[in-house]
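Residues per chain are reported as follows:
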Amino acid sequence: FNVILQDQYSKVVDAAYAVAGEEIVSIRVESPTLAWSRADPGQPTMITVGITFSQDTANLQALLIMLPDLFQHDVQIPIDVQNLNSRFPLAAGTEWADTS
């Protein structure tokens, strides 16, 4: 595939062509859940996202959670993100969550 970076005027500022992709591996994920503590427009809310892995997924290295357009997260520091499942392994240390 190709990776093409454009500026706000659609001018190409960098690119990489014929980038080899990684093999897509099927994993068994079930029962997605999404819950929030309040639904008042413009007000903060606590979001809970859940999924169930129905088999070992030894090669999983990251889990990306993306918010819809016009939503913004207020995660300031890694401890603002919590792992509620003690059986879900995390990287060593306290900075396992990328809060950017």
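Not measured: the values here are computed from a predicted model.

Caption draft 1: Fine view of the overall build of the protein chain. Counting its secondary structure elements, the protein chain contains 0 helices and 4 strands. The C-alpha atoms of the protein chain give a radius of gyration of 18 Å, which is well past the 13 Å a tight globule of 100 residues would have. Once the C-alpha set of the protein chain is aligned to its principal axes, its extents read approximately 40 × 40 × 30 Å. The buried share of the protein chain, taken over its 100 residues, is 3%. Excluding contacts between residues fewer than 6 apart, the proportion of contacts in the protein chain whose partners are at least 24 apart in sequence is 18%. Put simply, the protein chain shows about 9500 Å² of open surface, and 54% of that area lies on carbon and sulfur atoms.

Caption draft 2: Focus on the pattern of salt bridges. Enumeration over the complete set of coordinates arrives at 2 salt bridges. Between Arg28 and Glu30 there is a salt bridge, with the nearest N and O atoms lying 3.3 Å from each other. Glu30 sits in the partly exposed class, given a relative accessible area of 34%. Put simply, Asp40 and Arg38 hold a salt bridge, and the shortest N to O gap is 2.9 Å.

Caption draft 3: Spotlight on unusual backbone geometry. With phi around 65°, Ser10 is a residue other than glycine that occupies positive phi space. Structurally, the position occupied by Ser10 is in the loop between β1 (3-6) and β2 (12-16). Positive phi, normally seen in glycine, also occurs at Ser31, with a value near 50°. Ser31 gets classed as partly exposed once you look at its relative accessible area, which sits at 48%.

Caption draft 4: Representation of a nonpolar patch on the surface. A cluster of nonpolar side chains, contributed by Val25, Ile27, Val29, Leu34, Trp36, Ile47, Val49, Ile51, Leu60, Leu63 and Ile65, occupies part of the molecular surface with about 990 Å² of accessible area. Those elements that place two or more of their residues in the nonpolar patch are β3 (29-36) and β4 (47-53). Looking at the element boundaries, Leu34 is found in strand β3.

Parameters at a glance
Residues numbered from 1 in each chain as written. Predicted model: local features only at pLDDT ≥ 70, side-chain atom pairs only at ≥ 80, totals over all residues. Heavy atoms only, no water. Helix = DSSP H or I, 4+ residues; strand = E, 2+ residues; numbered from the N terminus. Rg over C-alpha atoms; globule rule 2.2 N^0.38 Å. Buried < 20%, exposed > 50% of the residue type's maximum accessible area, 1.4 Å probe, protein only. Contact = heavy atoms within 4.5 Å. Areas by Shrake-Rupley, 256 points an atom, 1.4 Å probe, with all protein chains shown as cover. Salt bridge = Lys/Arg side-chain N within 4 Å of Asp/Glu carboxyl O. Patch = residues over 30% accessible without salt bridge, like charges linked within 9 Å, V, L, I, M, F, W, Y side chains within 5 Å.

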